Amino acid sequence: MFDNQQDAIDALILESEQFRRLYDKHAALKTQVLQANEGDLAMEELDLEQLKKQKLQLKDEMAVLIQNYNAAHV
C-alpha cells in the first residue's frame, strides 16, 4: 500500500487507535472492491465507484498520519 513505509505502518498499528481503525476499514474496502471487480460480489458500478472513493480517502488519511509519524521520528 505504502512503499518503504512498513516500519511506520507497523508502529502506528500498535500505537494509534485512529490509524488502526483506518487501516482495518481500508483493508475491508479493498477486499470488497477486489471481489466486485472479480465478479464475486454483485454491485452496481456507481456503488463500486463510491467504495473506491472511500478507500482512497482512507488511504489519504493514513498517508497524513504516516507523514506525521515519520516527521516526529526522524
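Residues numbered from 1 in each chain as written. Predicted model: local features only at pLDDT ≥ 70, side-chain atom pairs only at ≥ 80, totals over all residues. Heavy atoms only, no water.

So, the pattern of salt bridges: which residues are in play, and what are the values?
For the structure shown, the criterion picks out two salt bridges. Note that E17 is salt-bridged to R20, the shortest N-O span being 2.7 Å. Within this pair, E17 and its partner R20 are both found in helix α2 (residues 17–37), separated by three residues, close to a single helical turn. Of the residues examined, E17 reaches a relative accessible area of 53% and is grouped as exposed. (Salt bridge = Lys/Arg side-chain N within 4 Å of Asp/Glu carboxyl O. Helix = DSSP H or I, 4+ residues; strand = E, 2+ residues; numbered from the N terminus. Buried < 20%, exposed > 50% of the residue type's maximum accessible area, 1.4 Å probe, protein only.)

Can you tell me about the nonpolar core, naming the residues and giving the values?
Counting 17 residues, the largest nonpolar core has F19 and I66 as its most contacted members. Elements that contribute at least two residues to this core include exactly α1 (6–15), α2 and α3 (45–72). In terms of residue count, the dominant contributor to this core is α3 (seven residues). Those residues in contact with F19 that sit more than four places away from it in its chain are I9, L12, I13, M62, L65 and I66. (Core = buried A, V, L, I, M, F, W, Y, C linked by side-chain atoms within 4.5 Å. Contact = heavy atoms within 4.5 Å.)

Without other data, these values stay purely geometric and don't point to any function.
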